[in-house]
Amino acid sequence: MAPLIRNILMTFLCVLLGFVCFSNAQLSANFYGTSCRNLQTIVSNGMRQAVNREPRLGASILRLFFHDCFVNGCDASILLDDTATLTGEKNANPNRNSARGFEVIDTIKTQVEAACPNAVSCADILALAAREGVVLLGGPSWAVPLGRRDARTASQSAANTQIPAPTASLSTLISMFAAKGLNARDMTALSGSHTIGQARCTGFRNRIYNETNIDAQFAATRRATCPASGGDANLAPLDIQTPSRFDNNYYQNLVARRGLLHSDQELFNGGSQDALVRSYSTNGVAFRNDFAAAMVKMGNISPLIGTNGEIRRNCRAIN
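Residues numbered from 1 in each chain as written. Predicted model: local features only at pLDDT ≥ 70, side-chain atom pairs only at ≥ 80, totals over all residues. Heavy atoms only, no water.

### Structural notes on the UniProt feature "site: Transition state stabilizer" (unreviewed entry) in the protein chain
Let me state the cut-off plainly: UniProt positions are given in the numbering used here, feature names are shortened, and annotations may be inferred rather than shown by experiment. Secondary structure is summarised from DSSP: a helix means a run of H or I of at least four residues, a strand means a run of E of at least two, and numbering begins at the N terminus for each. Per-residue accessibility, obtained with a 1.4 Å probe over protein chains only, is compared with the maximum for each type, and a residue is labelled buried under 20%, exposed over 50%, and partly exposed between these values.
Taking the numbering used here, the UniProt-annotated feature "site: Transition state stabilizer" (unreviewed entry) corresponds to Arg63. The topology assignment puts Arg63 in helix α3 (residues 56-69). For Arg63, a relative accessible area of 32% gives the class partly exposed.

### Looking at the state of the cysteines
Keep this limit in mind: By disulfide we mean two sulfur atoms from cysteines, separated by a distance within 2.5 Å.
For the structure shown, the criterion picks out four disulfides. Each disulfide pairs two cysteine sulfurs, and for Cys36 the partner residue is Cys116, the sulfurs being separated by 2.0 Å. Judged by the sign of its S-S torsion, about 75 degrees, the bond between Cys36 and Cys116 is right-handed. Taken together, the positions of Cys36 in the loop between α1 (3-17) and α2 (39-53) and Cys116 in the loop between α4 (102-115) and α5 (122-136) put the pair 80 residues apart, joining distant regions of the chain. The pair Cys36 / Cys116 is uniform in exposure class, with both members buried. A sulfur-sulfur distance of 2.1 Å marks the disulfide that ties Cys69 to Cys74. Between Cys69 and Cys74, the S-S dihedral sits near 120 degrees, and the bridge is therefore right-handed.

### Some thoughts on the environment of Val255
Rule in force here: Residue contacts follow a heavy-atom distance rule, with two residues in contact if any of their heavy atoms lie within 4.5 Å.
Mapped onto the elements of the fold, Val255 is located in helix α11 (residues 249-255). As a C-alpha pair, Val255 and Ile42 span 213 residues in sequence and 39 Å in three-dimensional space. Once residues lying within four places of it in the same chain are set aside, the contact partners of Val255 are Phe268, Val277, Arg278 and Ser281.

### Description of the environment of Leu182
Checked against the element boundaries, Leu182 lands in the loop between α7 (170-178) and α8 (184-191). The class of Leu182 is buried, set by a relative accessible area of 2%.

### A look at the pattern of salt bridges
So the rule is basically this: A side-chain nitrogen of Lys or Arg and a carboxyl oxygen of Asp or Glu constitute a salt bridge if their distance falls within 4 Å.
Inspection of every chain in the model, using the stated rule, returns twelve salt bridges. Residue Asp81 pairs with Arg316 through a salt bridge whose shortest N-O separation is 3.4 Å. Note that Asp81 is positioned in the loop between α3 and α4 and Arg316 in the segment after α14 (284-299), a separation of 235 residues in sequence. Look at Asp81 and you get partly exposed, because its relative accessible area is 27%. The residue Arg148 makes a salt bridge to Asp124 at a minimum N-O spacing of 2.7 Å. Of this pair, Arg148 sits in the loop between α5 and α6 (156-162) while Asp124 sits in helix α5; the two residues are 24 residues apart in sequence, bridging distant segments of the chain. Sharing partners across several salt bridges, the network here consists of Asp81, Lys90, Asp106 and Arg316.

So, in structure tokens, the structure goes:
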């Protein structure tokens, strides 16, 4: 079958059956090899300056990429500001008062535009920045497939329903990731992104006050800065051991019942992922390899390619 006909048939089937379609064939790590040779250096330098200033930004940018990809694919829709005619995703429940790092992407985009005008999408900048944040905090690297274009729309409703909540059960996590073409192993590996970053008290209050599958001393420590009422915005590290180091301590915490979020501890609570969590807790190399592979897979969720979408000049607004 000719490649063109095969691609047309695959696209038709994806639309017809509602599948999440991956686009490895159309994305390429060398997409900007001639149009923006210094792209990776510009993004790397921009992220290094940001993370040196505030290490948490590595986690913040990684989270932006995850929340972008889970809503209609990796299309930079999360970066769009609300306007009179467009309701963005920044004020959706999973993002309001917690999504951050937008100014880092703005700065990098300005530098990229100066070097390569109208060439590089905000979606690709976010994908590269997410990787760089991980690398700068000691995590693995991977070749980022590029060639995504930017959405002209956003969906607050999809952001409210398709991004897993910190209260999610294991079965819900598995099904929500499966809906994006990611299997249970991908989900457990990607959850390891919680080896860096912080969470707001409102996201883990019920866990530290009402749940029983939690280390008592850990719960007491967290209650000290997260009162039973009030203090919703008070922060705590997702990884109590090395909150600014990308490593496998997150999984060690889960085995010790020190997962901060309910959805974290669900990965090690007598269910299907216990063995994998225990494996990652003792084998950091396996975790790093699986995490990198799952990041590539997530980055390939339903990208806009070819003439779809646009190359935004300003990541916060459609052209």
